Every structure is written in structure tokens, then in C-alpha cells.
Amino acid sequence: MKLNIYKLPEPKIISEIFNRYYGREDTDKRFVSSHWKYHSSRIRVSIDYNGNVRVLRGSGFGLMDNTHIFNKIVHMICNNSYLITLPDRFAIKNLMKLSSDLLKAVDSYLSYESFRQLCSLNVILKHFNADKRDSIAVLMIGDGYGFLSAMIKVLYPRSTIVLVDIGKVLLFQAIYLQRIFRQARHHLVFSPENATCSTGRYDFVYCPSENIEALNDIRFGLIVNIASMQEMDYKTIMRYFAYMRSHVVDGALFYCLNRVKKELPGGEVIEFEKYPWNRNDVHLVDEECAFYRYYLSLRPPFFHRFEGPFRHRVTVLCQK
């Protein structure tokens, strides 16, 4: 995907992430699973001396490219095949309409990846009771291109969205969200010295996964993880749960959508039920995910089932 991006509100954020995670090979990789070691080697980013992004191609975290019309048609058919079976189809259609301007801002379209994020958002909204005028903090763990973060920001304009991801992928979120929200306040956390991001101070906070413990002055009302804990080893998953439990407000919701069982390239098998859930957690939703079962493509046999079932939970997290 070719881009020319000029006058981003915080171009320094882009250059700092790029220099740290693309300009050197000795970056701390303790929190990068075997899955992401493979996919991060396939990511392609090029930035010129003026700070313009010339090449931006991800791997392993969805699609946002303005692709060929035939691919768009396939995604539209896939989206509609799910939509006709879902009981909340009208609410999802409203979210689809709301998302159109966001997608246009980054020259994208409603791919199946974006569609299923809207389906997840619909599930969240049925249980998340925050008022749109409230100053709330939302933690997004692994949000790909940042599309779901953008949607939550539109719905809750006074929210502070904290995005945590491995450094190479975090760059994509910082680029896309700055293109959509040019007037917003963006902030990058690299150390405890610049980690102050209390609710309401910034609109978007970008935090590399190895620095999450530096975010100690904020408490979250909503946490979201979609299809990324399944790519982590258990040590990393436990680290995230420990952080979440010690940084949530009373009654905070955690939306978790991941494979029931998945074997990582390194051989470790990760199971949803073996995440460090607590017997005092309250699961408001706990079921197989109805909008994460198959996808369509131009490659034979055109209809593809995922390698295993996906499960999602809306959980009131027990505090530490």
C-alpha cells in the first residue's frame, strides 16, 4: 500500500516508533511470541527523510488496504452472509454506517476483518453502561490498524484510548489514528518518565507492550482483546491479566475474543479456558462466536473455515 502522509499532528511519534522497532535489530523481544516473530519479519514500512510514509504493509493483523474491486465484492458478500443470520443485524448496520467516514479517511473499505470488529463492538455496547459524556479510559490490547479504537472514540468522544501492542504493529495504529483524528491529542509512552496519561489528558496513548507497567496512573472502565491473546504465550497472558486486575475501576468490563485452542509456531498450545480467569469474575457473555466461523476469498475453494472455533466473553473483572 502506497501512502503519502503529510503534517500528522504528532509526526515525532511515528519517527520514534520507527527508529526503535524498524531501525535496529536488538530491540527487546521478551514479549514477542513465536507467532509475531514470524509475522513481524513480513511487515514492510518505509519512511523518507521528510517523515512521509511511502510503504506500509502489515502481516498477521487484518486488512485495511484499498484493494481491487473483486476483493471488495468478496468481503461484502462475506459480511452480508453473516449479517442475515445475526439477531442484532440492525444495530450492526447502524455501526456500519457510522464507520463509513472513518474508513474513507484512510482510503479503506469495510473488509470482513473490520466487519467482525463492529460485531464485537455491538456485543460490548449491550453491556457497557458508560455515558457518552463520561471521561472514560479504554485499554486496547492488540488492535491491529486501530479501527475498533477509532469507533470507540467516535461513540465516546471524551474517552482516553490506550493502545498496547508490539512496537512494529503499534506504528500502524499511530499512523492510521492520526490520519483519522488529526485534531486529537496523541501521546507515546516509552518509559515511566513520560507515562503520565491520566484520563482526559490525551485522546490516544500508544504504549509498546514491554512498557505497559509504566502506565500506573490510569484506571480502565473497558478492556478489549480480539484475536491476539491466542498469539501470546502463557507468561505474557498472565502478565496482561495481572496488569488489568490492578488497573480497573469497579465493575470494569473485559471483552475477550480468541481461539478456543491454538498451537503457536514454536509448539506451545494456548487454550482460552486456561487464561488466568478468576472464580470471582462474572461472565455476562460466554459463548462460541457466531461471526468468526469462516471467511471468503478469491482463492479456491473460496469458502474457508478457521482452523478452530472462536469464543468470546464479556467479563466483569475481579480486581486484584
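Scroll up for the structure.
Colleague: Whenever I open this one, helix α4 (residues 89-105) confuses me. Can you help?
Modeller: Within an α-helix, residues lying three or four positions from one another point in the same direction, as the helix has 3.6 residues per turn. In this model α4 runs 25 Å from its N-terminal to its C-terminal C-alpha over 17 residues, within 8% of the 24 Å that 1.5 Å per residue would give. Roughly 35° is the biggest bend found in α4, and it falls at S99. Where α4 is concerned, the buried positions are I92, L95, S99, L102 and L103. In the core, the buried residues of α4 are packed alongside α3 (69-83), α5 (112-125), α6 (147-155) and α7 (167-180). Two residues or fewer past α4, D107 is found with a positive phi of approximately 55°.

Colleague: Looking at this structure, I do not really get the pattern of salt bridges. What am I missing?
Modeller: Any two side chains of opposite charge can pair if their charged atoms end up close together. A complete count under the given rule lists 16 salt bridges for this structure. Between R185 and D203 there is a salt bridge, and its shortest N-O distance comes to 3.2 Å. Placement of the pair is R185 in the loop between α7 and β5 (186-188) and D203 in the loop between β5 and β6 (204-208), with a sequence separation of 18 residues. Under the relative-accessibility criterion, R185 is labelled partly exposed at 40%. Judged by its relative accessible area of 9%, D203 is buried. With a shortest N-O distance of 3.0 Å, R313 and E273 are connected by a salt bridge. Placement of R313 in strand β14 (residues 310-316) and of E273 in the loop between β10 (269-271) and β11 (282-288) is noted, with a sequence separation of 40 residues between them. The partly exposed category is assigned to E273, whose relative accessible area is 44%. Salt bridges sharing common partners tie together E273, D286, R311 and R313.

Colleague: In this structure, what is going on with the pairing of strand β7 (residues 220-226)? I would like to understand it.
Modeller: Among the 7 residues that make up β7, 7 are buried, leaving the element largely enclosed by the rest of the structure. Sheet topology note: the strand β3 (residues 137-141)/β7 ladder contains 4 bridges and is parallel. Along β7, the bridge assignment pairs M140 with V224. Bridge count between β7 and strand β8 (residues 248-259): 6 bridges; the pairing is parallel. Paired with N225 across the strands is C256, a residue of β8. Once the chain exits β7 it traverses helix α8 (residues 234-245) before rejoining the sheet at β8, and the crossover so formed is right-handed.

Colleague: Mind showing me how you'd approach the nonpolar core here?
Modeller: For soluble globular proteins, nonpolar side chains are generally found buried alongside one another. The biggest cluster of nonpolar side chains holds 65 residues, and the ones touching the most others in it are F115, I152, Y206, Y255 and F291. Non-local contacts of Y206, meaning those with residues more than four positions away in its chain, are made with I13, L163, L170, Q173, A174, L177, Q178, H186, H187, L188 and V189.

Colleague: Any chance you could explain the packing of aromatic side chains here in plain terms?
Modeller: Each aromatic ring pair is specified by the distance between its two centres and by the angle formed by the two planes. This model, assessed by the stated rule, comprises 21 aromatic pairs. Seen from their ring centres, F241 and W277 are 5.2 Å apart, and the 85° between their planes marks the pair as edge-to-face. Taken together, the positions of F241 in helix α8 and W277 in the loop between β10 and β11 put the pair 36 residues apart, joining distant regions of the chain. Each member of the pair, F241 as well as W277, is classed as buried. Judged by centre distance (5.6 Å) and plane angle (35°), the rings of F272 and W277 are tilted. Put simply, the rings of F241, F254, F272, Y275 and W277 touch in pairs and so form one group of aromatic residues.

Colleague: What am I meant to see in the side chain of R259 here?
Modeller: As for its position among the elements, R259 is in strand β8. We classify R259 as buried; its relative accessible area is 9%. Polar side-chain contacts of R259 include one of 3.3 Å to the backbone oxygen of K261. Look past the residues within four positions of R259 in its chain and what remains in contact with it is Q230, F272, E307, G308, P309 and F310.

Scoring rules and cut-offs
Residues numbered from 1 in each chain as written. Predicted model: local features only at pLDDT ≥ 70, side-chain atom pairs only at ≥ 80, totals over all residues. Heavy atoms only, no water. Helix = DSSP H or I, 4+ residues; strand = E, 2+ residues; numbered from the N terminus. Expected span 1.5 Å × (residues − 1). Bend = angle between axes of the 7 residues up to and from the residue. Buried < 20%, exposed > 50% of the residue type's maximum accessible area, 1.4 Å probe, protein only. Contact = heavy atoms within 4.5 Å. Salt bridge = Lys/Arg side-chain N within 4 Å of Asp/Glu carboxyl O. Pairing = 2+ DSSP bridges. Right-handed = clockwise from strand over helix to strand, strands pointing away. Core = buried A, V, L, I, M, F, W, Y, C linked by side-chain atoms within 4.5 Å. Phe/Tyr/Trp six-rings, centres within 6.5 Å; stacked < 30°, edge-to-face > 60°. Polar contact = N/O pair within 3.5 Å; in protein donor to acceptor, adjacent residues only side chain to side chain.

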